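Notes for the structure review
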Amino acid sequence: MSLPEVDVCIIGSGAGGAPMALELGRAGFKVVVLEKGPHYQPKDFIHDEILNSRRNFFMPVPWEEPHLVRQGAKGRYEKTSAAWTANCVGGGTVHMSGFFYRLKPVDFRLRSTLGAVPGSTVADWPISYEELAPFYDKAEAELGVSGESVPHPFAEPRSGPYPLPPLDVHPVAKEIDKACGAMGWHSLPTARGILSKPYRGRAPCSYCALCGSYGCETGAKSGTNASLIPAAVATGNVDLRPGCMARTVEVDKQGHARSVVYLDADGVTREQPAKVIVVSCTAVESARLLLNSTSSRFPKGLANGNGLVGRNLTFSSFGESHATFRLSKQSAARPWLKDPSPFVNRSLQDFYLMPDARFGFRKGGTLGFMWAHPNPIHAAVGLAGKGEKALFGKALKDKMREYRDSRILQFEVYAEFLPTAGTYVSVEDSVKDRYGIPVAAITVDRHPMDLAATRFLVERGEEVLLRLDPDDVRRGTTSGETSILQHGTCRFGDDAATSVLDRDCRAHEVPNLYVVDGSFMPTGGSVPSTLTISANSFRVADHLVRKLKGGR
C-alpha cells in the first residue's frame, strides 16, 4: 500500500539518521523515520545480563537474521551475529559505552600523508577537519558530551570546551597519569557521551558501571534515543515508525529515488514515497539495502553503476590486555583498589601517527583504559575456558574465588583498519533472513600493517599496566576487529568514478539519495567513529535544509 508522499524518508534512527531527522524537523519539513527495531523506553533498560547480552534484546540471532562472514574470498561463509548493532530506536548509540573522540586532521588526508600503501585502497577525504569541526561542536552540544580538553601531541583543534565537565573518575586514573608521565607519554581524559550533570531536561549519570551492552535507564547516556529523537519528534514534523524493515528503495523512470518499500510492525508491505531518501542503517546494512534495490536502471544495485557499493569496508582494529590486582594482597598498599567508582576515562594517543615506518606501520591508534566489564556470566564463561584448557570442579571454583578477590584493569586498542580491495560487503541470494530478504555477506582480508600497529599498541599499553605493579598482566589479543565500528561501503569523494557519494553524501548516480551512516567514510580513523558519524550527519543536514529551501 502506497502512503502519502513526505519531504524526506530516513531509514535508521541512530548516529546518522537522528541528526538528519532533528534538523529537517526543525526546518519544518515533513519527515518519516523508519526504524527496524522497537522503541524501547527507560523502563525497558534493566540490569539483566541474560536479557541484554545473551539474548536478542538488541541484536538479531543468527538463525533468524544472519550475517555471513568469511576470511578471504576463498574462505567459507559462516552465519554470525557479527557486524550487527542494536536494532531499536537509537541504534548502536543505545548500548554504546559512549567513548566520544574526534578524528584528527591527519585522518582526513591519510593517503597524502602515507603515500600509496601497497595492498590498500586508502584514500583522502574530500573534506577537511576544519570543515567538519563546527559540526563536531554541534554534535557534542546536541548529544551532550562530558570531557576536558588537555594538550597532547595529537590534540585536535577545538573552538572551546566540552559542553559538560568531565565525569568523576576512579583514583586509578591518577596512577595511569603518573605511569605515562614517567615514560614521557601524555595520558588524557576520555570524553564520554554521558552527562556529568543535568542537561536539557535529562538526568546526570548515576555511576552504575553498566554502560556498554546496556541501555541507560536514567537517560544520562547520550544515545540518540535519549537526546536527538525526542527533540525531533517534539517538532511535530517527524513521524517515527518503529518495527519497520526496509526492503528496497525504488526509483522512477528518470532514476531518481521514489520511495521505500518496507514491512511494517504487523508484517504488512507498505510503500513510503518521499522527495528525498536518506539511508542510515550501518555501513553493512546500508550496502545490503542498496545492493538488494535492483531495477532495470540499476541492475547491480542502487547507485552501484561503478560497482563500488559495498566495497572498501573497514572496521576498527582491536587489541587488549588485562592487569589483575588481588585485593587480599594489594588493598592495604593501594586503598584506591576498593574505590567503587566505575570510570577510568583515560586514553593514550602518543602513537596515533608514527614519524616513520621502522615498526612496520605509520598509522597507529588510541589506547583506552577501563575497568573490566562487570558482567558475571561472561566472566565465568571466560574463566571456565573450553576444549582441553577447560576448567571443572574445584579448579573452576578456585579460579572464580580468585576472580572475586580481584580488580581487573584493562585497555582496548582502536587502530586503523586499512581498506583493502578484499574486504567488502555483497549479498547472498541463497541465504535469506526472516523477512525473506537476501542477507549481507562480509569478506575480510586484513592488511598486514593493521596487525603490526595493533601489536605495537598492545605492547605500549602493557608497559603502562606493568608500571602499576599488578599481580599479573595477561594479553587478550593483538589481531581482533571491532565490527560494530564500520565504514566505507559507500565512500564519498569528488570523483564519481572512484566513489559512491559526493562530498555532501549524495549519491553521484541518484541526486535525491543520501547515505549518512559510517558508509561515507573512506577511512575509519583510530578512534570509535560514532561522534564523527553524527557530526557529519549534522553537516549533511545543514546542506540538505538549504537545498530544500532553495538556497542551492
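Provided above is the structure to which this section pertains.
What follows concerns the packing of helix 1 (residues 17-26) against helix 12 (residues 530-548). At their nearest, the axes of helix 1 and helix 12 sit 8 Å apart, and the two run at 35° to each other. Between helix 1 and helix 12 lies a crossing of right-handed hand. Contacts between helix 1 and helix 12 involve Pro19, Met20, Leu22, Glu23 and Leu24 from the first element and Ser534, Ser537, Phe538, Val540, Ala541, Leu544, Val545 and Leu548 from the second. Across the contact of helix 1 with helix 12, the residue classes tally to 10 nonpolar, two polar and one charged.

Let's shift gears to the sheet that holds strand 13 (residues 406-415). Taken together, six strands build an open sheet; the order of strands is 5-11-12-13-10-16 and the sheet is antiparallel. Across the chains shown, the open sheet's two edge strands, defined by having one partner strand only, are strand 5 (187-189) and strand 16 (472-487). Put simply, the sheet's adjacent strands are angled 25° from each other on average, direction ignored. By the bridge criterion, three bridges tie strand 5 to strand 11 (residues 346-348) in an arrangement that is antiparallel. Its bridge partner being in strand 11, Ser187 is matched across the sheet by Leu348. Against the sheet, helix 5 (residues 172-182) makes contact with strand 5, strand 11, strand 12 (365-371) and strand 13, and its axis sits at roughly 20° relative to strand 11, the strand it touches most.

What follows deals with unusual backbone geometry. For Ala209, which is not glycine, the phi dihedral falls at a positive 80°. Assignment of secondary structure puts Ala209 in the loop between strand 5 and helix 6 (228-234).

A separate point is the sheet that holds strand 3 (residues 67-71). Working definition: the strands of a sheet are paired by backbone hydrogen bonds and lie parallel or antiparallel to each other. The strand order across the open sheet built from four strands is 4-3-15-14, with neighbouring strands paired in mixed fashion. Where the open sheet ends on each side, the last strands, each with one partner, are strand 4 (78-80) and strand 14 (424-432). Strand-to-strand twist across the sheet, computed as the mean angle between neighbouring axes with direction ignored, equals 40°. Where strand 14 meets strand 15 (residues 438-444), six bridges bridge the pair, whose relative direction is antiparallel. Following the sheet pairing, Lys432 is matched in strand 15 by Pro438.

Now for the packing of helix 9 (residues 376-384) against helix 10 (residues 393-404). Running from N to C, helix 9 and helix 10 point in directions that differ by 130°, and their axes come no closer than 10 Å. Viewed along their axes, helix 9 and helix 10 adopt a mutual orientation that is oblique. Note that helix 9 runs across helix 10; the crossing there is right-handed. Of the residues in helix 10, those touching helix 9 at Ala379, Ala380, Leu383 and Ala384 are Leu396, Lys399, Met400 and Tyr403. Across the contact of helix 9 with helix 10, the residue classes break down as seven nonpolar, no polar and one charged.

The next point concerns the packing of aromatic side chains. This structure, assessed with the given rule, holds 20 aromatic pairs. With centroids separated by 5.6 Å and ring planes inclined at 55°, the aromatic side chains of Tyr207 and Phe343 adopt a geometry described as tilted. Here Tyr207, found in the loop between strand 5 and helix 6, pairs with Phe343, found in the loop between helix 8 (327-330) and strand 11; they are 136 residues apart in sequence, far enough to count as distant. A relative accessible area of 26% means that Tyr207 is categorised as partly exposed. Here the aromatic rings of Phe351 and Phe456 are separated by 5.6 Å at their centres, their planes lie at 80°, and the arrangement is edge-to-face. You can see Phe351 sitting in the loop between strand 11 and strand 12 and its partner Phe456 sitting in helix 11 (residues 448-467), a full 105 residues away along the chain.

Together, Ile50, Ile377 and Val381 make up an exposed nonpolar region whose accessible area comes to about 210 Å². Summarising the element assignment, Val381 is placed in helix 9. For Val381, a relative accessible area of 44% corresponds to the partly exposed category.

Another point: the pairing of strand 7 (residues 245-251). Among the seven residues of strand 7, five are classified as buried, and the element is accordingly described as predominantly covered. Pairing of strand 7 with strand 8 (residues 257-263) involves six bridges; the strand directions are antiparallel. Bridge pairing in strand 8 places Val251 opposite Ala257. The antiparallel pairing of strand 7 with strand 8 creates a hairpin that spans five residues between the two strands, and Gly255 there sits at a positive phi of about 85°.

Let us look at the pattern of salt bridges. One side chain can pair with another of opposite charge once the charged atoms of both are near each other. Scanning the model with the defined rule gives 39 salt bridges in all. Linking Arg26 and Glu142 is a salt bridge whose minimum nitrogen-to-oxygen distance equals 2.9 Å. Within this pair, whereas Arg26 is found in helix 1, its partner Glu142 is found in helix 4 (residues 129-143), the two being separated by 116 residues in sequence. According to the relative accessible area criterion, Arg26 is partly exposed, its value standing at 44%. Overall, the relative accessible area of 11% leaves Glu142 in the buried class.

For the rest of this paragraph, the subject is the side chain of Ser406. For Ser406, the position within the fold is in strand 13. With a relative accessible area of 12%, Ser406 lands in the buried category. Engagement of the side chain of Ser406 in a polar contact is seen with the backbone oxygen of Glu402, the distance being 2.6 Å. Ser406 has contacts with Thr324, Phe325, Arg326 and Leu327, leaving out every residue within four places of it along the chain.

Within strand 8, six of the seven residues are buried, which leaves the element mostly enclosed by the surrounding structure. Two strands pair when backbone bridges link them, and strand 8 and strand 9 (residues 269-279) are joined in this way by five bridges, in the antiparallel orientation. Pairing of Tyr262 across the sheet is with Arg270, part of strand 9. In sequence, strand 8 turns back onto strand 9 through a hairpin of five residues, with Gly267 there showing a positive phi of about 80°.

Time to look at the environment of Arg346. Mapping Arg346 onto the fold places it in strand 11. The buried category is assigned to Arg346, whose relative accessible area is 12%. The spacing of Arg346 and His543 is 197 residues in sequence and 36 Å in space, taken between C-alpha atoms. Discounting chain neighbours no more than four positions away, the residues touching Arg346 are Val169, Ala173, Ile176, Asp177, Ser187, Leu188, Pro189, Thr190, Leu367, Gly368 and Phe369. At 2.9 Å, the side chain of Arg346 forms a polar contact with the side chain of Asp177.

Quick notes on the rules
- Residues numbered from 1 in each chain as written.
- Predicted model: local features only at pLDDT ≥ 70, side-chain atom pairs only at ≥ 80, totals over all residues.
- Heavy atoms only, no water.
- Axes fitted to C-alpha atoms, helices over the stretch in contact; angles between N-to-C directions.
- Helix = DSSP H or I, 4+ residues; strand = E, 2+ residues; numbered from the N terminus.
- Left-handed = near helix turned anticlockwise from the far one by under 90°.
- Contact = heavy atoms within 4.5 Å.
- Nonpolar A, V, L, I, M, F, W, Y, C, P; charged D, E, K, R; others polar.
- Pairing = 2+ DSSP bridges.
- Parallel < 35°, antiparallel > 145°, perpendicular 65-115°, else oblique.
- Phe/Tyr/Trp six-rings, centres within 6.5 Å; stacked < 30°, edge-to-face > 60°.
- Buried < 20%, exposed > 50% of the residue type's maximum accessible area, 1.4 Å probe, protein only.
- Patch = residues over 30% accessible without salt bridge, like charges linked within 9 Å, V, L, I, M, F, W, Y side chains within 5 Å.
- Areas by Shrake-Rupley, 256 points an atom, 1.4 Å probe, with all protein chains shown as cover.
- Salt bridge = Lys/Arg side-chain N within 4 Å of Asp/Glu carboxyl O.
- Polar contact = N/O pair within 3.5 Å; in protein donor to acceptor, adjacent residues only side chain to side chain.

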